[in-house]
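# Commentary on secondary and tertiary structure
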Amino acid sequence: MVTDQASLSTLTGHVEAYEPDIDRILITSEEIQAKLAELGARIGNDYAGRKLLLVGVLKGAFVVMADLARYIRLPLEFDFMAVSSYGAATQTSGVVRILKDLDHDLEGLDVLLVEDIIDSGLTLNYLLKNLRARKPASLEVAALLRKVDLQRVPLDIRYTGFEIPNEFVVGYGLDYAERFRNLPYIATLRPEAYGGA
Ligand code: PRP
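Structure report, in brief. For every chain, the first residue of the written sequence is number 1, and numbering continues from 1 onward in sequence order. Local features in a predicted model are, by the rule used here, given only for residues with pLDDT of at least 70; side-chain atom pairs are given and counted only at 80 or more, and totals for whole chains, interfaces and linings are based on all residues. To obtain the side-chain values, all non-hydrogen atoms of the structure were included, while hydrogens and water were left out.

The subject of this paragraph is the overall build of the protein chain. The way it works is that DSSP assigns letters per residue, a run of H or I at least four long becomes a helix, a run of E at least two long becomes a strand, and they are numbered from the N terminus. When helices and strands are counted, the protein chain shows 4 helices and 9 strands. Its helices and strands taken in sequence order, the protein chain reads α-β-α-β-α-β-β-β-α-β-β-β-β from the N to the C terminus. When accessible area is computed with a 1.4 Å probe and restricted to protein chains, residues below 20% of their type maximum are described as buried, those above 50% as exposed, and intermediate ones as partly exposed. Split into buried and exposed, the 197 residues of the protein chain put 51% on the buried side. Contacts between residues were defined by any pair of non-hydrogen atoms, one from each residue, lying within 4.5 Å. In the protein chain, 66% of the contacts between residues at least 6 apart in sequence involve partners at least 24 apart. Accessibility throughout is a Shrake-Rupley quantity obtained with a 1.4 Å probe, and a residue counts as covered only by protein chains that appear here. By element, 50% of the accessible surface of the protein chain is carried by carbon and sulfur atoms, the whole surface being about 9600 Å².

Another point: the packing of aromatic side chains. Two measures describe an aromatic ring pair: the distance that separates the ring centres and the angle between the ring planes. Working definition: a ring pair exists when centres of Phe, Tyr or Trp rings (six-membered ring for Trp) sit within 6.5 Å. Plane angles under 30 degrees give stacked, over 60 give edge-to-face, the rest tilted. Scanning the entire structure with this criterion turns up 5 aromatic pairs. Look at tyrosine 18 and phenylalanine 180: their rings are 4.7 Å apart centre to centre, the planes differ by 45°, and that puts the pair in the tilted class. Pair noted here: tyrosine 18 is in the loop between helix 1 (8-11) and strand 1 (22-27) and phenylalanine 180 is in the loop between strand 8 (169-170) and strand 9 (186-189), with a separation of 162 residues, a long-range link. Take tyrosine 18: its relative accessible area is 12%, and that puts it in the buried class. For phenylalanine 180, a relative accessible area of 1% translates into the label buried. Ring geometry for tyrosine 176 against tyrosine 194: centres 5.0 Å apart, planes inclined by 80°, an arrangement best described as edge-to-face. A residue pair is termed long-range when its members are at least 10 positions apart, and tyrosine 176 in the loop between strand 8 and strand 9 and tyrosine 194 in the segment after strand 9 qualify at 18 residues. Residue classification places tyrosine 176 among the buried positions, given a relative accessible area of 11%. Residue classification places tyrosine 194 among the partly exposed residues on the basis of a relative accessible area of 28%.

With respect to the helices and strands, lysine 147 occurs in strand 6 (residues 138-147). Among the residues examined, lysine 147 registers a relative accessible area of 4% and is labelled buried. Here a polar contact is recorded for every N or O atom pair within 3.5 Å, except that within protein the pair must consist of a potential hydrogen donor and a potential acceptor, and residues adjacent in sequence are included only if both atoms are side-chain atoms. Side-chain polar atoms of lysine 147 contact the backbone oxygen of glutamate 167, separated by 3.1 Å. Excluding its chain neighbours within four sequence positions, the residues that come into contact with lysine 147 are Ile117, Ile118, Asp119, Ile164, Pro165, Asn166, Glu167 and Phe168.

Between any two strands, pairing holds if DSSP finds at least two bridges. The 3 strands lie next to each other as 1-9-8, forming an open sheet whose pairing is antiparallel. Every interior strand has two partners, whereas the edge strands, strand 1 and strand 8, have only one. Note that strand 8 and strand 9 share 2 bridges and pair antiparallel. Looking across to strand 9, one finds that valine 170 is bridged to alanine 187.

Before going further, it helps to spend a moment on the sheet that holds strand 3 (residues 76-84). Sheet architecture is open: 6 strands sit in the order 4-3-2-5-6-7, paired in mixed fashion. If you trace the sheet from one side to the other, it starts and ends with strand 4 (97-100) and strand 7 (159-164), each paired once. Ignoring which end each strand starts from, the neighbouring axes of this sheet average 30° apart. Pairing of strand 2 (residues 52-58) with strand 5 (residues 110-118), which is carried by 5 bridges, proceeds in the parallel orientation. Bridge pairing in strand 5 places leucine 52 opposite aspartate 110. Every axis in this analysis is a line fitted to C-alpha atoms, fitted for helices over the stretch in contact. Angles between the N-to-C directions lie between 0 and 180 degrees.

Just distances and angles here, no functional claims.
Quick look at the structure:
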């Protein structure tokens, strides 16, 4: 469940310099950790005895992947891809470029793609097609956040953390102009925050 308005005490004391820019907390750190523990347990059951490779989509997903991986009580490996879709703007362009490719050969591996947020779904749609062509034994998706009713393409997401409204959010890996990634919660920004970047 998503908290409407977290208390100010959750806000204060983490990154003081960000506080003037934060409007409200959508998902608290405690809610994120509880959800990842639940997803990690499900993934642990589903992949027991298999060759699990977590693929994180940089940069945003590195925070989710770091925590999620520690809730999966199985041997597993990490790999990362870097793609570009947003640039410095807050809207999806639909253009996906691979900036860094995987180190692993996916053939025969059970691949779980880890994303921080699915917005239009265009990035994920592109990545799934691209990874499927490399013949993994299986390919599924774990996403911390999914914006409701915004996907422009049908997507099958096996593990979803939270569904959120169509608002621009930062924190827990998500940035605005590269800031706010190290917040432990998901928050919206005040309109003035977009001016000074
Ligand atoms: C975000 C996010 C997804 C993508 C989702 O990455 O991590 O990869 O956008 O958008 P879509 O569903 O509309 O395609 P971003 O391009 O902001 O890069 P970053 O993780 O490096 O901040």
